[in-house]
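Each chain, letter by letter, is given below.
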Amino acid sequence: MPRTEFIATGFHVPDRVVTNDELSRMMDTSDEWIRQRSGIRTRHWVSDGETGASLARAATLKALARASLKPSDLDCIVYCTCTPDHFEPGNGVFLERELGLTDIPAIDVRNQCSGFIYGLSVADAWIRTGQYRRVLLVGAEVHSRGLDKTTRGRDTAVLFGDGAGVAILGPTDDPRRGVLSTHLFADGRHAEKLWVDAPGLAHDPYISEELIREGRHRAVMDGRDVFKFASILMPQSVVAALQANCITPADVTLLVPHQANRRIMEMVQKAIGLRDDQVYVNIEKYGNTTAASIPIALDEALCEGRLERGDLLVLTAFGSGFTWASAAVRW
Ligand code: COA
């Protein structure tokens with residue numbers, strides 16, 4: 001059976017940069033509070049006319065150009081997002097249309113911050129079994145239009161940003177390279193600790209003025225519990241990846257964690273025992289872009305020359321659900 005390799009990556013963020021000082025003019029917060037609690041200095045927000053699918057398209061065109069491929073070379077789209085452009089259909093078909101394609105399957109993965117690794121697991125299974133050869137794996141989010149930009153929503157509004165990152169995946173016959181493993185986890189007992197209640201068909205009607213007045217269409221988070229569980233479960237997922245592949249922390253060239261919060265990433269680094277140069281962090285520029293954060297960070301790390309052929313890459317994520325996941329990749 002072939003392994004799955006990363007053929008090319010790409011990312012795109014909107015031009016509009018929003019600083020912490022700009023947020024502090026919208027709500028009762030401060031640059032110091034945001035930087036100390038999260039490590040975030042700026043994030044990008046979409047402007048009129050931009051959508052999740054348009055960000056994903058721009059990221060895809062960069063990756064295709066790097067791989068010297070055309071959209072028609074793609075066999076399948078796996079689109080990971082928790083901020084779809086519309087309630088239905090899924091965003092994969094909107095991206096397919098934006099790429100000028102009409103005849104490839106497009107699946108949406110709704111696993112929030114763990115979405116990219118969940119999607120990688122799906123793509124990896126399809127590639128290894130030969131069902132699809134060239135899979136476009138997308139993580140793309142538009143959070144800014146959903147944030148409560150008043151003091152009521154400040155605990156979440158300061159954390160999230162918009163952006164898209166993609167990877168083009170395909171089979172390699174080199175047995176030493178490619179995706180070595182993916183490990184996926186979920187525990188729905190914590191579903192309401194980071195969630196958006198409405199619109200939802202658990203409500204009748206599924207959206208109403210009352211639901212909106214109560215702010216139930218906004219992301220609500222139990223920040224302390226999210227922090228506590230992320231600090232424990234992300235390292236556990238990394239340990240699962242290391243153990244399954246008989247590798248030690250010293251063997252890891254680069255850990256690319258989901259960029260949720262600098263303090264959470266520091267806890268993960270400490271728990272695993274990694275040096276600073278083994279962990280990639282870019283949250284200061286983009287904030288938490290949920291399913292897009294890992295592919296954005298991975299693409300930046302590659303552009304900085306942080307991974308060479310044969311290096312060991314580990315990915316880890318944690319988010320709403322709770323869901324968490326890891327992947328090990330021999331580059
Ligand atoms: N600016 C200023 N003050 C804020 C604020 C903001 N943006 N957001 C919340 N506060 C206030 C709170 O209201 C609270 O005020 P109070 O003491 O008067 O009630 C105070 O700051 C401290 O709140 P606390 O809960 O102690 O802060 P914290 O140290 O736990 O940090 C988070 C809050 C959200 C930064 C932190 O819990 C966290 O990082 N959680 C994980 C979030 C995350 O990564 N989510 C995505 C996971 S994928």
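Shown above is the structure to which this text applies.
Residues numbered from 1 in each chain as written. Predicted model: local features only at pLDDT ≥ 70, side-chain atom pairs only at ≥ 80, totals over all residues. Heavy atoms only, no water.

Novice: Where do I start with the pattern of salt bridges in this structure?
Specialist: A side chain of one charge can pair with a side chain of the opposite charge when the charged atoms of the two come close. Considering all chains together, one arrives at 18 salt bridges under this definition. Between Asp 197 and Arg 216 there is a salt bridge whose closest N-O contact spans 2.9 Å. Here Asp 197 is found in the loop between strand S9 (194-195) and helix H7 (209-213), whereas its partner Arg 216 is found in the loop between H7 and strand S10 (220-221), with 19 residues between them in sequence. Taking the relative accessible area as the measure of exposure, Asp 197 reaches 16% and is therefore buried. What makes Arg 216 partly exposed here is its relative accessible area of 31%. (Salt bridge = Lys/Arg side-chain N within 4 Å of Asp/Glu carboxyl O. Helix = DSSP H or I, 4+ residues; strand = E, 2+ residues; numbered from the N terminus. Buried < 20%, exposed > 50% of the residue type's maximum accessible area, 1.4 Å probe, protein only.)

Novice: Honestly, the layout of surface pockets in this entry has me stumped. Any pointers?
Specialist: The rolling of a water-molecule-sized probe over the atoms marks out the regions of remaining empty space. One number sums up the size of the largest pocket: a volume of about 1,200 Å³. In this structure, the largest pocket is lined by 37 residues; those nearest its centre are Cys 82, Thr 83, Pro 84, Val 196 and His 217. Of the residues in the lining of the largest pocket, the class split is 17 nonpolar, 14 polar and six charged. Looking at the lining of the largest pocket, you find at least three residues from each of domain 1 (3-172) and domain 2 (178-330). A volume near 450 Å³ is recorded for the second largest pocket. Around the second largest pocket, the lining comprises 22 residues; the ones closest to its centre are Leu 159, Met 221, Gly 223, Phe 227 and Asn 261. For the lining of the second largest pocket, the secondary structure elements donating two or more residues are helix H2 (31-38), helix H8 (223-244), helix H9 (262-272) and strand S12 (312-319). (1 Å grid on protein atoms, 1.4 Å probe; cavity = no way out; pocket = protein on both sides within 12 Å on 5 of 7 lines; lining within 4 Å. Points joined across faces, edges and corners; volume = space filled by probe spheres on them. Nonpolar A, V, L, I, M, F, W, Y, C, P; charged D, E, K, R; others polar. Domains from an automatic or database assignment.)

Novice: Would you mind going over the side chain of Asp 225 with me for this structure?
Specialist: Within the element layout of this structure, Asp 225 appears in helix H8. Accessibility expressed as a relative area gives 15% for Asp 225, which makes it buried. Setting aside anything within four residues of it in sequence, one finds Asp 225 in contact with Lys 193 and Phe 322. (Contact = heavy atoms within 4.5 Å.)

Novice: Help me understand the site of the ligand, please; the structure alone is not making it clear to me.
Specialist: Near the ligand, the surroundings consist of 22 residues, among which Thr 29, Arg 37, Gly 223, Arg 224 and Asn 261 are the closest. Between Arg 154 and the ligand, the recorded distance is 3.1 Å, taken from a backbone N or O atom to a nitrogen atom. One of the side-chain nitrogen or oxygen atoms of Arg 224 is found 2.5 Å away from an oxygen atom of the ligand. For the ligand, the cavity whose grid points lie within 2 Å of the majority of its atoms is the second largest pocket. Of all the elements in the fold, those that place two or more residues in the shell around the ligand are H2, helix H6 (154-157), H8, H9 and S12. In terms of residue count, H8 provides more of the shell around the ligand than any other element does, four residues in total. Looking at side-chain class alone, the shell around the ligand contains ten nonpolar, six polar and six charged residues. Taken domain by domain, the makeup of the shell around the ligand includes at least three residues from each of domain 1 (3-172) and domain 2 (178-330). (Near = heavy atom within 4 Å. Polar contact = N/O pair within 3.5 Å; in protein donor to acceptor, adjacent residues only side chain to side chain. Sits in = over half its atoms within 2 Å of the grid points.)

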